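# Working through the structure, step by step
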Amino acid sequence: MTTQLMIVEDDDRVRTALRLAMEDEGYDVAEAEAAETALDHLRDNGAPDVMIIDLMLGGMDGFTCIREIRREHQVPIIVVSARDDTHDVVAALEAGADDFVTKPFEVKEITARMRALRRRAGLTAERDAPQDIVLDGARRLVLSPQRGTVRCGGDDLHLTLTEFRLLCELAENPGFVLSRPVLLDRVWDRGFFGDERIVDVHLRRLRTKIERDPSDPRLIVTVRGLGYRLDVQD
């Protein structure tokens, strides 16, 4: 089945170049020059398999667009932007983006990131994990790697692909510290050239969804100078 991609970009030249490159990669591409148009498309047609979103859009900006999408959908999102300030990168990831690419960029970089996202999605779908993992017995917080779900007290928690992959990696090594480089290598794929702080941002978002008290995390513990450890709660 053809992978469905939506590009949300108000620069006609950039949008056309991306569309042509992605069609060459075998994607079925939909375009939107404004966030409002993209959101209307999602309401009418459902979410695509993956999205590329610019931050600097006319009308509603990319940050708001991503937050609106995350209210209903967990589609993988790559942000492209000329704004390379650390604050903007962190804000985009906090809003719910999975990856960030700074303009100007080579189209081959975007296609490589897209292939990595597809591999990550495939790995999540094909994980060889026959048993559910109880993360917190008292709260009935259960990770189901094969089904791609996390449930708390019987309710589904809505994690992004990146958040789910991070949780799976930590849950496969309970009680062991995983460093940021190791998590980058396993979750973002080999050859990722991003800032290691991307791990911190996604784990911070993950904690808001699975911790009893995100300000005092007990499940995902930071080990200063080393990395992160998952401590299963009885």
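Residues numbered from 1 in each chain as written. Predicted model: local features only at pLDDT ≥ 70, side-chain atom pairs only at ≥ 80, totals over all residues. Heavy atoms only, no water.

- The chain is annotated in an unreviewed UniProt entry as DNA-binding response OmpR family regulator of Nocardia bhagyanarayanae.

### So, the pattern of salt bridges
- For the coordinates displayed, the defined rule picks out 22 salt bridges.
- Among the ionic pairs, D136 bridges to R139, the shortest N-O distance being 3.4 Å. By the burial criterion, D136 is buried, and R139 matches it.
- Between R218 and D216 there is a salt bridge, with its nearest N and O atoms 2.9 Å apart.
- Put simply, D12, R15, R19, E23 and E31 are held in one network by salt bridges that share partners. (Salt bridge = Lys/Arg side-chain N within 4 Å of Asp/Glu carboxyl O. Buried < 20%, exposed > 50% of the residue type's maximum accessible area, 1.4 Å probe, protein only.)

### Regarding the environment of S81
- Within the fold, S81 resides in strand β4 (residues 77-81).
- The class of S81 is buried, set by a relative accessible area of 0%.
- Remark: the alpha-carbon pair of S81 and F100, spanning 19 residues in sequence, is separated by 7.8 Å. (Helix = DSSP H or I, 4+ residues; strand = E, 2+ residues; numbered from the N terminus.)

### Observations regarding the UniProt feature "modified residue: 4-aspartylphosphate" (unreviewed entry) in the chain
- According to UniProt, the feature "modified residue: 4-aspartylphosphate" (unreviewed entry) maps to D54 in the numbering used here.
- With respect to the helices, strands and loops of the structure, D54 is situated in strand β3 (residues 50-54).
- Assessed through its relative accessible area of 3%, D54 is described here as buried.
- Look past the residues within four positions of D54 in its chain and what remains in contact with it is V8, E9, D10, G62, V80, S81 and K103. (UniProt positions renumbered as here; feature names shortened; annotations may be inferred. Contact = heavy atoms within 4.5 Å.)

### A word on the nonpolar core
- Ranked by internal contacts, the top residues of the largest apolar core, which has 50 residues, are M51, I69, I77, L167, L203 and I220.
- Shared between two domains, this core takes at least three residues from each, and those domains are domain 1 (3-119) and domain 2 (133-230).
- In this structure, L203 is in contact with L166, L170, L183, I220 and Y228, ignoring residues within four places of it in sequence. (Core = buried A, V, L, I, M, F, W, Y, C linked by side-chain atoms within 4.5 Å. Domains from an automatic or database assignment.)

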